[in-house]
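Examining the three-dimensional arrangement
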Amino acid sequence: MVVLSQPVALDNHISVIPTYKPVLTSQPIPVVDLTDPEAKTLIVKACEEFGFLKVVNHGVQRGLMARLEKETIGFFALPQSLKSQAGPPEPYGYGSKRIGPNGDVGWIEYILLNANPQLSSPKTSTIFCQTPQNFREAVVEYMHELKEVSCKVLEMVAEGLGIEPRDTLSKMVRDEKSDSCLRLNHYPTAEEKEENMVKVGFGEHTDPQIISVLRSNDTAGLQICMKDGSWVAVPPDHSSFFINVGDALQVMTNGRFKSVKHRVLADTRRSRVSMIYFGGPPLSEKIAPLSCLVPKQEDWLYKEFTWSQYKSSAYKSKLGDYRLGVFEKQPLLTQMSNV
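None of the values given here were measured: they were computed from a predicted structure.

Notes on unusual backbone geometry
Cis geometry marks the peptide bond from Gly 87 to Pro 88, where omega comes out at -5°. Positive phi, normally seen in glycine, also occurs at Asn 57, with a value near 50°. The phi dihedral of Asn 254 falls on the positive side, at around 55°, and the residue is not glycine. With respect to the helices and strands, the residue Asn 254 is situated in the loop between helix 7 (247-252) and strand 12 (262-265).

Written out as structure tokens, the structure reads:
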């Protein structure tokens, strides 16, 4: 495992980073062996109950994961003046503290890269110009492998739910116009605040895409929100992947799967590096409850929309907003009043 030898000073133009005093619940995280004959059933159960799971025996070489982590740390160790040349993100490129355009901040610096080689950006080009060729090669190979993991999990989901054909979900991610991306996060060590308050690295949110596949170093910080509103700390495991159900998959399963709310708190002893592949559909893809799961449209909980429409709407929202609310067929308050 590689860690930064020297603390990184994030740009100081933002002085206020939110803090939390964590109150955590003890809850085991579901773990699924992808070689297990019952994996499809276990994945569906985890997605229904948690919207989140850890997968092992995923087939990605540890050497590749370690190589990308090393190259990522190399970028974040560059002088701030060089890193800033690749920012601010639009939305791809380098960012520091600011998360999105709507005022959200965190104790974080990050790179966001488009997984579609046909869609390049000047900011992405700047990142690759400032790093060794090994970095670009590791990124390309990693995104290829993580696309395969995403599709494997989505095909197991389809089998577990009885969705036919088997590639109904995975073909959106495999599509050459898939709007997928790779996010590389660095959370520097943070001083502990008064009364055990810690800085927020990345505030609570859900992921808008179909599926997210996360891997980090062995530094803690990731937490997920349970159905009762309590927060559970996810023990880090640099050799495994963590799967998040995204907003789009929640819609396609008509709410059977829930997009998991999660956050990251900065560690006071060690920096955290995470690498997340977001599997998204093409911009023109129509997102709606799948007819094989919900045959009658009057039973749909969500309106049909294109991924482009949802992405645009999400980009205008705050990090912690319930983005699916405007796409529900009935407002949430109406649903609650009918219970």
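Let's pick the thread back up.
Brief notes about helix 4 (residues 122-129)
Listed in full, the buried residues belonging to helix 4 are Lys 123, Thr 124, Ile 127 and Phe 128. End-on view of helix 4: buried residues confined to an arc of 140°, all on one side of the axis. Residues of helix 4 that are exposed and angled more than 90 degrees away from the buried face: Pro 122 and Cys 129. Those residues of helix 4 that are buried lie in contact with helix 2 (62-76), strand 4 (93-99), strand 5 (104-114) and helix 5 (133-161).

Quick word on the sheet that holds strand 7 (residues 198-205)
With antiparallel pairing, the 5 strands of this open sheet are ordered in space as 1-7-12-9-10. This sheet does not close on itself; its edge strands, each paired only once, are strand 1 (19-20) and strand 10 (231-233). Judged from the 3 bridges that link them, strand 9 (residues 222-225) and strand 10 form a sheet pairing that is antiparallel. Among the inter-strand pairings, Cys 225 is bridged to a residue of strand 10, identified as Trp 231.

With respect to the packing of aromatic side chains
With the rule as written, the count across this model stands at 8 aromatic pairs. Here the aromatic rings of Trp 307 and Tyr 310 are separated by 6.1 Å at their centres, their planes lie at 40°, and the arrangement is tilted. Of this pair, Trp 307 and Tyr 310 are both found in helix 8 (residues 307-315), 3 residues apart, which corresponds to roughly one turn of the helix. Look at Trp 307 and you get buried, because its relative accessible area is 2%. According to the relative accessible area criterion, Tyr 310 is buried, its value standing at 1%. Grouped by ring-pair contacts, the aromatic residues Phe 305, Trp 307, Tyr 310 and Phe 327 constitute a single cluster. Against the face of Trp 107 rests Lys 199, its NZ or CZ located 3.7 Å from the ring centre.

With respect to the nonpolar core
One finds Ile 43, Leu 68, Tyr 142, Ile 210 and Met 252 to be the most contacted residues of the largest nonpolar core, which totals 62 residues. If we skip the residues at most four places from it in the chain, Tyr 142 touches Leu 64, Met 65, Leu 68, Leu 182, Arg 215, Phe 241 and Met 275. Core analysis: the next-biggest nonpolar cluster, separate from the first, contains 23 residues, Ile 29, Tyr 187, Leu 214 and Leu 222 among them.

Overview of the packing of helix 2 against helix 5
Look at helix 2 against helix 5: their axes get within 9 Å of each other, and the N-to-C directions meet at 135°. One finds that helix 2 runs oblique with respect to helix 5. When you trace helix 2 past helix 5, the crossing you get is left-handed. Here helix 2 contributes Leu 64, Met 65, Arg 67, Leu 68, Glu 71 and Thr 72 to the contact with helix 5, which in turn contributes Asn 134, Phe 135, Ala 138, Val 139, Glu 141, Tyr 142 and Glu 145. When its residues are assigned to classes, the contact of helix 2 with helix 5 shows 7 nonpolar, 2 polar and 4 charged.

Regarding helix 8
Among the residues making up helix 8, those that are buried are Trp 307, Tyr 310 and Ala 314. An end-on view of helix 8 places all buried positions within 65° of arc, on one side of the element. Summarising the contacts, the buried residues of helix 8 are in contact with helix 7, strand 14 (286-287) and strand 15 (305-306).

Quick look at the packing of helix 1 (residues 39-49) against helix 5
Relative orientation of the contacting elements helix 1 and helix 5 amounts to 90°, with a least axis distance of 8 Å. As the angle between them shows, helix 1 and helix 5 are arranged roughly perpendicular. Listed contacts from helix 5 to Ala 39, Lys 40, Ile 43 and Val 44 of helix 1 are Val 153, Met 156, Val 157, Glu 159, Gly 160 and Leu 161. Of the residues in the contact of helix 1 with helix 5, the class split is 7 nonpolar, 1 polar and 2 charged.

Some words on the sheet that holds strand 6 (residues 181-187)
Note on sheets: strands pair through backbone hydrogen bonds, and any given pair is parallel or antiparallel. Spatially, the 8 strands line up as an open sheet ordered 2-3-11-8-13-6-5-4, and their pairing is mixed. The two strands at the open ends of the sheet, each matched to only one other strand, are strand 2 (31-33) and strand 4. The average angle at which neighbouring strand axes cross in this sheet is 25°, direction not considered. For strand 8 (residues 211-216) and strand 11 (residues 241-245), the ladder comprises 4 bridges, and the chain directions are antiparallel. Counted as the bridge partner of Ser 212 is Asn 244 from strand 11. Strands strand 5, strand 6, strand 8, strand 11 and strand 13 (272-279) of the sheet are contacted by helix 5, whose axis makes an angle of about 130° with strand 8.

Concerning the environment of Arg 174
Relative to the assigned elements, Arg 174 resides in helix 6 (residues 170-174). Residue classification places Arg 174 among the partly exposed positions, given a relative accessible area of 37%. Linking Arg 174 and Gly 280, residues 106 residues apart in sequence, is a C-alpha distance of 9.3 Å. Non-local contacts of Arg 174, meaning those with residues more than four positions away in its chain, are made with Lys 147, Glu 148, Cys 151 and Glu 155.

Cut-offs used in this document
Residues numbered from 1 in each chain as written. Predicted model: local features only at pLDDT ≥ 70, side-chain atom pairs only at ≥ 80, totals over all residues. Heavy atoms only, no water. Helix = DSSP H or I, 4+ residues; strand = E, 2+ residues; numbered from the N terminus. Buried < 20%, exposed > 50% of the residue type's maximum accessible area, 1.4 Å probe, protein only. Arc of directions from axis to C-beta. Contact = heavy atoms within 4.5 Å. Pairing = 2+ DSSP bridges. Phe/Tyr/Trp six-rings, centres within 6.5 Å; stacked < 30°, edge-to-face > 60°. Lys NZ or Arg CZ within 6 Å of the ring centre and 35° of its normal. Core = buried A, V, L, I, M, F, W, Y, C linked by side-chain atoms within 4.5 Å. Axes fitted to C-alpha atoms, helices over the stretch in contact; angles between N-to-C directions. Parallel < 35°, antiparallel > 145°, perpendicular 65-115°, else oblique. Left-handed = near helix turned anticlockwise from the far one by under 90°. Nonpolar A, V, L, I, M, F, W, Y, C, P; charged D, E, K, R; others polar.

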